[in-house]
Amino acid sequence: MCIRDRRDSGATTFFQYRTIAVDKSAPLLGLPVELSLILAGRHDCLVQAERAADAFALAYQMADDVEDVESDMASGSLNAVAIFAREMPIERARLLVRRLVHRTFRQASRLAGSLPSDSGALMAGMADQRAWAFEGRPFRA
């Protein structure tokens, strides 16, 4: 699931990448959780559900980028590893993004898992499962 961006992907910052990745998938991923909260009258939890979906969407896209970095770079697709590889060796960039994936899935899990009535349990479980797949040594510069 690559990100296509009309702008020059060589000039895209990680902040811009984050915005694109979140805007691409988070609304759809968060919709079921947010609708269940609305139906339960828990409007006070909607921001937290949105933050969980944002984190999940970002982590999911970065995880895909780790796996597809070579093909994305060859095709000019936007890729988190490639963004960091502009400033460091590609293997170091890949390790950095793997660590970000782990942390961001863990953040999504914490946020979704603490929503009321287990409304975020499915998202939290999926985030936990994906986080462990990307667990590894802490990144050291």
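Notes on the structure in this doc start here. Please read these numbers as outputs of a predicted model, since none were measured by experiment.

### Quick notes on unusual backbone geometry
Trans peptide bonds make up most of the peptide bonds, and negative phi angles are found at most residues other than glycine. Its identity is not glycine, yet S117 carries a phi of approximately 55 degrees, on the positive side. Considering the arrangement of structural elements, one finds S117 in the loop between α4 (90–113) and α5 (121–133). In this structure, D118 takes a positive phi of about 55 degrees despite not being glycine. Looking at where D118 falls in the secondary structure, it is placed in the loop between α4 and α5. Take D118: its relative accessible area is 60%, and that puts it in the exposed class.

### Let's talk about the packing of helix α2 (residues 46–75) against α4
Between α2 and α4, whose axes approach to 8 Å, the crossing angle comes to 155 degrees. In this view, α2 runs roughly antiparallel relative to α4, as classed from their interaxial angle. The crossing of α2 and α4 is left-handed.

### Quick look at the packing of aromatic side chains
All chains considered together, the criterion is met by four aromatic pairs. Ring geometry for F56 against Y60: centres 6.5 Å apart, planes inclined by 15 degrees, an arrangement best described as stacked. Placement of the pair is F56 and Y60 together in helix α2, with a separation of four residues, close to one helical turn. Residue F56 is classed as buried on the basis of its relative accessible area of 6%. Judged by its relative accessible area of 37%, Y60 falls in the partly exposed class. Arranged with centres 5.4 Å apart and planes meeting at 70 degrees, the rings of F56 and F105 form a pair that is edge-to-face. Taken together, the residues F56 in helix α2 and F105 in helix α4 connect sequence positions 49 residues apart. In this structure, F56 and F105 share a single accessibility class: buried. Ring-pair connections join several aromatic residues into one group, and the members of that group are F14, Y17 and F84.

Analysis parameters
Residues numbered from 1 in each chain as written. Predicted model: local features only at pLDDT ≥ 70, side-chain atom pairs only at ≥ 80, totals over all residues. Heavy atoms only, no water. Helix = DSSP H or I, 4+ residues; strand = E, 2+ residues; numbered from the N terminus. Buried < 20%, exposed > 50% of the residue type's maximum accessible area, 1.4 Å probe, protein only. Axes fitted to C-alpha atoms, helices over the stretch in contact; angles between N-to-C directions. Parallel < 35°, antiparallel > 145°, perpendicular 65-115°, else oblique. Left-handed = near helix turned anticlockwise from the far one by under 90°. Phe/Tyr/Trp six-rings, centres within 6.5 Å; stacked < 30°, edge-to-face > 60°.

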